[in-house]
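Here is what each chain is made of, one letter per residue.
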Amino acid sequence: MSNAARPQADDGSSRRREILEIAARLFARKGYGGTSMRDIGEQAGVLGGSLYHHIKSKDALFVELHDAALDAAQVRIETAVAAHAEPWARLEAACATLLDIQLAPDSLTMPMMNDFRAVSDPVRVQLIARRDRFEDMFRALVDALPLPSHIDRSIYRTLLLSQLNSAVDWYRPGRLSVPQIAAQIVSIFRHG
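Rules and cut-offs
- Numbering of residues starts from 1 in each chain and follows the order in which that chain's sequence is written.
- This being a predicted model, a pLDDT of at least 70 is required before a residue's local features are given, and a value of 80 or more before pairs of side-chain atoms are given or counted; all residues contribute to the totals for chains, interfaces and linings.
- Values reported for side chains reflect all heavy atoms of the structure, with hydrogen atoms and water molecules removed beforehand.
- In this text, helices come from DSSP runs of H or I with a minimum length of four residues, and strands from runs of E with a minimum of two, each type numbered from the N-terminal end.
- Throughout, a residue-residue contact means that at least one pair of heavy atoms, one from each residue, lies within 4.5 Å.
- Residue-level accessible areas treat just the shown protein chains as cover; the underlying method is Shrake-Rupley with a 1.4 Å probe.
- In this description, a nonpolar core means a group of buried Ala, Val, Leu, Ile, Met, Phe, Trp, Tyr and Cys residues linked to one another through side-chain atoms lying within 4.5 Å.
- Partly exposed describes any residue whose relative accessible area lies between the buried limit of under 20% and the exposed limit of over 50%, with all areas from a 1.4 Å probe on protein chains only and scaled to the type maximum.
- Scored from 0 to 100, pLDDT records how confident the predictor is in each individual residue.
- Two rings from Phe, Tyr or Trp (for Trp, the six-membered ring) form a pair when their centres are within 6.5 Å of each other. A pair whose planes differ by under 30 degrees is stacked, one over 60 is edge-to-face, and the rest are tilted.
- Under the rule applied, a polar contact is a pair of N or O atoms within 3.5 Å (in protein, one hydrogen donor and one hydrogen acceptor; residues adjacent in sequence only if both atoms are side-chain atoms).
- Multiplying one less than the number of residues by 1.5 Å gives the expected span of a helix.
- Read the arc as the range of directions from the helix axis to the C-beta atoms.

Peer 1: Looking at this structure, I do not really get the overall build of the protein chain. What am I missing?
Peer 2: Counting its secondary structure elements, the protein chain contains ten helices and zero strands. Pairs at least 24 residues apart make up 67% of the contacts formed inside the protein chain by residues separated by at least 6 positions. As displayed, the protein chain has an accessible area near 10000 Å², and 52% of this comes from carbon and sulfur atoms.

Peer 1: I tried to follow the nonpolar core on my own but got confused; where do I start?
Peer 2: Proteins that are soluble and globular tend to have nonpolar side chains buried together. Grouped together as the largest cluster of nonpolar side chains are 32 residues, with contacts concentrated most on Ile77, Leu91, Leu99, Phe134, Phe138, Tyr156 and Leu164. Of all the secondary structure elements, the ones that give two or more residues to this core are helix H4 (58–82), helix H5 (87–103), helix H7 (121–143), helix H8 (153–165) and helix H10 (178–189). It is H5 that provides the largest number of residues to this core, a total of eight residues. One finds Ala23, Ala24, Ala44 and Phe62 within the second-largest nonpolar core, a separate group that totals 22 residues.

Peer 1: Explain the confidence of the model for the protein chain here, please?
Peer 2: Interpretation of the predicted coordinates at a detailed level should be avoided for regions scoring low in pLDDT. When pLDDT is averaged along the protein chain, the result is 86, and 88% of the positions lie at 70 or above. Mean pLDDT per element in the protein chain: helix H6 (residues 109–113) is the minimum at 63, and H5 is the maximum at 95. Segment residues 1–5 is flagged for pLDDT under 50; beyond a separation of four residues in sequence, or across chains, it makes 15 contacts in the model. Of the regions scoring below 50 in pLDDT, residues 7–12 engages in eleven contacts with residues more than four places distant in sequence or in other chains.

Peer 1: Would you take a moment to explain the packing of aromatic side chains for this structure?
Peer 2: Think of a pair of aromatic rings as described by two things: how far the centres are apart, and how the planes are tilted against each other in angle. The full count for this structure, using the stated rule, is five aromatic pairs. Seen from their ring centres, Phe27 and Phe62 are 5.0 Å apart, and the 85° between their planes marks the pair as edge-to-face. Within this pair, whereas Phe27 is found in helix H1 (residues 14–34), its partner Phe62 is found in helix H4, the two being separated by 35 residues in sequence. Ring geometry for Tyr32 against Phe62: centres 5.1 Å apart, planes inclined by 75°, an arrangement best described as edge-to-face. Taken as a pair, Tyr32 in helix H1 and Phe62 in helix H4 lie far apart in primary sequence, 30 residues in all.

Peer 1: How do you make sense of the side chain of Thr97 when you look at a structure like this?
Peer 2: Within the element layout of this structure, Thr97 appears in helix H5. A polar contact is formed between the side chain of Thr97 and the backbone oxygen of Ala93, at a distance of 2.8 Å. Once residues within four sequence positions are removed from consideration, Thr97 is found in contact with Arg76, Ile77 and Ala80.

Peer 1: I tried to follow the side chain of Gln102 on my own but got confused; where do I start?
Peer 2: Residue placement: Gln102 occurs in helix H5. Residue classification places Gln102 among the buried positions, given a relative accessible area of 3%. Engagement of the side chain of Gln102 in a polar contact is seen with the side chain of Asn165, the distance being 2.8 Å.

Peer 1: Got a minute to help me understand H8 in this structure?
Peer 2: Given 3.6 residues per turn, any residue in an α-helix points the same way as the ones three and four places further on. The end-to-end C-alpha separation of H8 is 18 Å, in line with the 18 Å expected for 13 residues at 1.5 Å each. Taken residue by residue, H8 has Tyr156, Arg157, Leu160, Leu161 and Leu164 as its buried positions. One side of H8 carries all its buried residues, which in axial view fall inside an arc of 120°. Buried residues belonging to H8 abut H5, H7, helix H9 (167–170) and H10. Here H8 starts with a cap whose side-chain oxygen sits 2.9 Å from the backbone nitrogen of Ser154, and that cap is Asp152.

Here it is as structure tokens:
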């Protein structure tokens, strides 16, 4: 797991951190529905009941890892945006950072954000609430843009995030770098 998406251990134990890292890799590879507590325990070398000493439940574990991935991504994006004053430059910095996070081979952000259908309704509500807080960064960035009044900012933001969130499906390394792709996306979305 990348350091940027590493969850914080509640008790500071290295064993718990190891279990969280193993669980994160399994969730990213197999999804929520395809990962069992038994899988996590076997990979971590922890027997059934002992795993629950470190982890409350599969749902709680998934929420913790999801939130940690988004927290780390949010910090990186906020740091990148803070280096710029001009609204379009701020948006481009946010887009480049989000693309960089999502396209990293060890990224947890996309796997964790795309596995909501397999979780229970109460867990889904928690995940969506955290995702919405994450997207508030982009809401503020889009609200600051000098867009024509006929453009609906909510639709604009949704389309922009959809494009960024789907990059893992279409991006191939080579011709353009991640910052160049972010610049192209912002250029396409730029008005005025």
